[in-house]
Amino acid sequence: LANGSIYNSLKSVFRHVEVSSEEYGCIFASDKPLLTNPQTLEQRFNGRMVETRYFKPYILKDAFSPLKVSLVKERLGNVDVVNTDTRPLAYLYNLMLWGDVHGGRALNFLLELKGWQIITAVLITALFATVFYRGKTESVYFSIFTTGYAGMAFSLIVILAYQARYGYVYEMFGLLMAMFMAGIAAGSYLGEKTRQPLSRLRLLDTTMILTLASAPFFFKIEPLFYVLNFLCGLITGWEFAAATLFIKQEASRLAGRLYGIDLAGSFLGALLTAILLVPLLGIQNTIIFVVLLKAVSLILLMTVKYEK
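Attention here is on the structure that accompanies the text. Not measured: the values here are computed from a predicted model.

### A few points about the pattern of salt bridges
No. 1: Following the criterion strictly, the structure yields six salt bridges and no others.
No. 2: Put simply, Glu42 and Lys61 hold a salt bridge, and the shortest N to O gap is 3.8 Å. Taken as a pair, Glu42 in helix H2 (residues 38–47) and Lys61 in helix H3 (residues 59–63) lie far apart in primary sequence, 19 residues in all.
No. 3: For the salt bridge of Lys294 with Glu239, the shortest nitrogen-to-oxygen distance reads 3.9 Å. Here Lys294, found in helix H12 (residues 283–302), pairs with Glu239, found in helix H10 (residues 222–246); they are 55 residues apart in sequence, far enough to count as distant. Across the pair, Glu239 and Lys294 agree in class, each one buried.
No. 4: One continuous salt-bridge network, built from bridges that share partners, spans Glu23, Asp62 and Lys68.

### With respect to helix H9 (residues 197–218)
No. 1: The terminal C-alpha atoms of H9 lie 29 Å apart, and with 22 residues this matches the ideal 32 Å at 1.5 Å per residue to within 8%.
No. 2: Along its length, H9 shows its largest kink, about 30°, at Leu212, and proline Pro216 lies within four residues downstream of that point.
No. 3: Buried residues in H9 make contact with helix H7 (139–166), H10 and H12.

### Brief notes about the packing of aromatic side chains
No. 1: With the rule as written, the count across this model stands at 10 aromatic pairs.
No. 2: Centre to centre, the rings of Phe28 and Phe64 are 6.0 Å apart; their planes meet at 40°, and the pair counts as tilted. Here Phe28, found in strand E2 (residues 27–30), pairs with Phe64, found in the loop between H3 and helix H4 (66–77); they are 36 residues apart in sequence, far enough to count as distant.
No. 3: Taking 5.2 Å as the distance between ring centres and 70° as the angle between the ring planes, the aromatic pair formed by Phe45 and Phe55 counts as edge-to-face. Remark: Phe55 occurs in the loop between H2 and H3 and Phe45 occurs in helix H2; sequence separation between them is 10 residues.
No. 4: What links up through ring pairs into an aromatic cluster is the set Tyr162, Tyr166, Tyr168, Phe219, Phe225 and Tyr226.

### A word on the side chain of Thr273
No. 1: Within the fold, Thr273 resides in helix H11 (residues 251–281).
No. 2: Judged by its relative accessible area of 0%, Thr273 falls in the buried class.
No. 3: A distance of 2.5 Å separates a polar atom in the side chain of Thr273 from the backbone oxygen of Gly269.

### A short note on the environment of Leu231
No. 1: Of note, Leu231 is situated in helix H10.
No. 2: Sequence spacing of Leu231 and Ile184 is 47 residues, and the spatial spacing of their C-alpha atoms is 8.7 Å.

Rules and cut-offs
Residues numbered from 1 in each chain as written. Predicted model: local features only at pLDDT ≥ 70, side-chain atom pairs only at ≥ 80, totals over all residues. Heavy atoms only, no water. Salt bridge = Lys/Arg side-chain N within 4 Å of Asp/Glu carboxyl O. Helix = DSSP H or I, 4+ residues; strand = E, 2+ residues; numbered from the N terminus. Buried < 20%, exposed > 50% of the residue type's maximum accessible area, 1.4 Å probe, protein only. Expected span 1.5 Å × (residues − 1). Bend = angle between axes of the 7 residues up to and from the residue. Contact = heavy atoms within 4.5 Å. Phe/Tyr/Trp six-rings, centres within 6.5 Å; stacked < 30°, edge-to-face > 60°. Polar contact = N/O pair within 3.5 Å; in protein donor to acceptor, adjacent residues only side chain to side chain.

Just distances and angles here, no functional claims.
Here it is in structure tokens:
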């Protein structure tokens with residue numbers, strides 16, 4: 001599946017794509033015709049009198065055997081998925097391959113998952129949350145959980161989208177993370193001055209939804225990636241501080257509970273987004289997934305009445 005997705009990806013870009021036999025696992029792509037005839041390749045190699053210690057020209061007969069090559073092309077052609085920058089399926093398939101190599105098959109079930117199954121799981125979770133938390137102060141805890149999830153997931157999406165568009169995210173990773181942390185600091189500072197925390201939580205959830213939904217428009221200009229990460233951190237930090245002010249409990253217990261819930265959401269946001277959602281659904285659909293999750297949070301906050 002991993003090789004098949006890459007093979008299809010190359011075929012969608014280049015005019016000519018050739019492969020070697022399965023034992024060598026090579027894929028070649030070019031806009032010009034590629035010569036893979038083993039006899040011709042061996043003659044050219046011998047004609048140039050290149051001295052090699054480990055490579056022998058007879059390997060070419062095995063690597064480009066017409067029968068073996070045709071079998072590989074047939075097998076790869078049966079794969080109907082395409083690896084793209086915004087939907088890196090090959091990453092997930094290679095992760096599963098290494099899991100098999102080391103004796104683990106825990107991720108293999110992901111191959112059977114469909115988009116509608118993931119959406120159904122989200123809807124069931126949303127229904128459960130709506131019934132269980134509806135009209136209760138604990139809705140704020142759910143909001144913090146989804147904010148932690150959305151903040152980490154969105155930050156990862158921004159990084160992946162930056163890499164897909166510009167290709168040098170490792171050079172700018174520090175700046176992207178610095179903008180996110182600066183946003184958290186600014187949000188925490190503003191949150192301490194919040195006078196109507198419940199109204200502010202509703203407004204912040206709405207702002208998070210709008211920011212997520214408009215993110216693809218920001219992906220077209222490089223400086224806007226940093227703006228997005230700053231906004232993501234700002235909303236996350238502000239909402240955490242506002243939730244702290246809203247719930248009336250003993251300070252140390254409250255801080256520990258909210259922080260734990262926020263960390264749990266952040267953990268799941270990082271894990272599921274990187275391993276499951278982006279490879280299977282792609283960046284665009286993952287954003288929709290997070291928007292739906294925050295929409296459930298906003299609906300629950302609307303059912304909460306302010307308690308003095």
